[in-house]
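# Fold and geometry: a report
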Amino acid sequence: MLSDTTAPAEGLQDKLTALEQLLLAYGRIAIGFSGGVDSSFLAAVCARIMPASTLLVHLTTPLIGTPEQASFERSVDGQADEGPHFKLPVLNLSVDQLRLPQVACNDADRCYHCKRAGFTAIVNHAKSLGFPTVIDGSNASDRGDYRPGMRAAQELGVRSPLMEVGFTKDEERELLRAWGYPVWNLPAGACLATRVPTGEELTREKVDVIRTCEDYLHDLGLDQVRARLVCGCMHIEAAPADVAKIAALGSTAVNDEGKAPLPVAIESALRNLGCGHISPEVTPYIHGNMNQ
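About the thresholds
- Residues numbered from 1 in each chain as written.
- Predicted model: local features only at pLDDT ≥ 70, side-chain atom pairs only at ≥ 80, totals over all residues.
- Heavy atoms only, no water.
- Helix = DSSP H or I, 4+ residues; strand = E, 2+ residues; numbered from the N terminus.
- Rg over C-alpha atoms; globule rule 2.2 N^0.38 Å.
- Contact = heavy atoms within 4.5 Å.
- Areas by Shrake-Rupley, 256 points an atom, 1.4 Å probe, with all protein chains shown as cover.
- Lys, Arg positive; Asp, Glu negative; His and termini not counted.
- Charge placed at Lys NZ, Arg CZ, Asp CG, Glu CD.
- Buried < 20%, exposed > 50% of the residue type's maximum accessible area, 1.4 Å probe, protein only.
- Pairing = 2+ DSSP bridges.
- Right-handed = clockwise from strand over helix to strand, strands pointing away.
- Axes fitted to C-alpha atoms, helices over the stretch in contact; angles between N-to-C directions.

Looking only at helices and strands, the protein chain has 11 helices and eight strands in total. Taking 19 Å as the expected radius of gyration for a compact globule of 292 residues, we find that the protein chain reaches 20 Å, a close match to that expectation. For the protein chain, the spread of C-alpha atoms along the three principal axes comes to 55 × 45 × 35 Å. Residue pairs at least 24 apart in sequence account for 70% of intrachain contacts in the protein chain once pairs closer than 6 positions are excluded. Accessible area of the protein chain: about 13,300 Å², with a carbon and sulfur share of 53%. Both charge centroids of the protein chain, one from 26 positive and one from 36 negative side chains, sit 5 Å from each other.

Here it is, written out as structure tokens:
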């Protein structure tokens, strides 16, 4: 068990105790593990209280973002300079949801079909290895958000202990930080399919361009960015601090709407990465603004 560097507040300790009791009651569990904050928090808790009864199941898919995939690899490889890792058994599955017509058509139920395919693979493999209960990282912060994938998980019997106990993402980050896990401040990520508006076909080419553009922007030192491909035009969104960084790179300023001109050098680089049309402004990132 890892030692705490900071004891959680009493209310948070009570919530953590309730979560631990719930997880122990599940018995042998498999965590749908993306490498993001939510599933990493579950892995950290299980590594502390039930390491012999926990399996991490990761899906490597064309739709996972590079930061999440890199976080997964760091956390299970346990690189010496990356802080503690989970020391839990890992099953890495390859699933290509883009092969499914129900996903590629990108209609309003795309997320449902995508999650259904992914969790079906997780559940089947986990049960075959003796882990009858599968859990995911849905939490109390997700309530009210548009997440049709949660319905697919529920239909397959996947449990959401963080939501059941009432853990929020901020509370997860607080404990991960106290326990020394560098993933605590990983910016919120999302499936790359969310960069294409509902109703526009999802193709491998579109996803590859989106990933490549976001990787380039991350390499510039930006933390939270989205490369949205809308009707063939690339729109860049970024968190306010990152919009300011982009403005500084172009020796311009952020306007009253939180927007900034896209520097010529960045526009040129994006064009070389495969973007035919590019919006001239960087706009503020708004969580879920592609949802309908």
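Read on for the rest.
Before going further, it helps to spend a moment on the pairing of strand β1 (residues 29-32). Burial of the side chains of β1 extends over both faces: I29 and I31 are buried on one face and A30 and G32 on the other. In terms of strand pairing, β1 meets strand β2 (residues 54-60) through four bridges, oriented parallel. By the bridge assignment, I31 is partnered in β2 with L56. In this region the chain leaves β1, passes through helix α2 (residues 37-49) and returns to the parallel neighbour β2; the handedness of that crossover is right-handed. Two elements, β1 and strand β4 (residues 133-135), share three bridges in a ladder whose sense is parallel. Its bridge partner being in β4, I29 is matched across the sheet by T133.

Here we take up the sheet that holds strand β6 (residues 233-238). In spatial order, the strands read β5-β6-β8-β7; together these four strands make up an open sheet with mixed pairing. At either margin of the open sheet sits one strand with a lone partner, and together these are β5 (225-230) and β7 (260-261). As paired elements, β6 and strand β8 (residues 277-284) share five bridges and run parallel to each other. Bridge pairing in β8 links C233 to H277. Relative to β5, helix α9 (residues 204-219) is tilted by about 150 degrees, and along the sheet it contacts β5 and β6. Here helix α10 (residues 240-249) sits on the sheet in contact with β6, β7 and β8, set at roughly 125 degrees to β8.

A separate point is the side chain of R211. With respect to the secondary-structure elements, R211 resides in helix α9. With near-sequence residues (within four places) excluded, R211 lies in contact with T61, P62, L63, I64, G65, T66 and L192.

All right, on to the sheet that holds β2 then. One open sheet holds the four strands; their spatial order is β3-β2-β1-β4, and the pairing between them is parallel. Strands with a single pairing partner mark the edges of an open sheet, and in this sheet they are β3 (90-94) and β4. Taking the axes of each pair of neighbouring strands and ignoring which way they run, one obtains an average angle of 25 degrees across the sheet. Strand direction decides the pairing type here: β2 and β3, joined by five bridges, are parallel. Looking at the pairing, H58 lines up with N92 of β3.

All right, on to the environment of M163 then. Tracing the sequence through the fold places M163 in helix α7 (residues 161-165). A relative accessible area of 14% places M163 in the buried class. The sequence separation of M163 and S138 amounts to 25 residues, and the corresponding C-alpha distance is 6.0 Å. For M163, the contacting residues outside a window of four places in its chain are S138, N139, A140, D142, R143 and M150.

These values are about where atoms sit, not about what they do.
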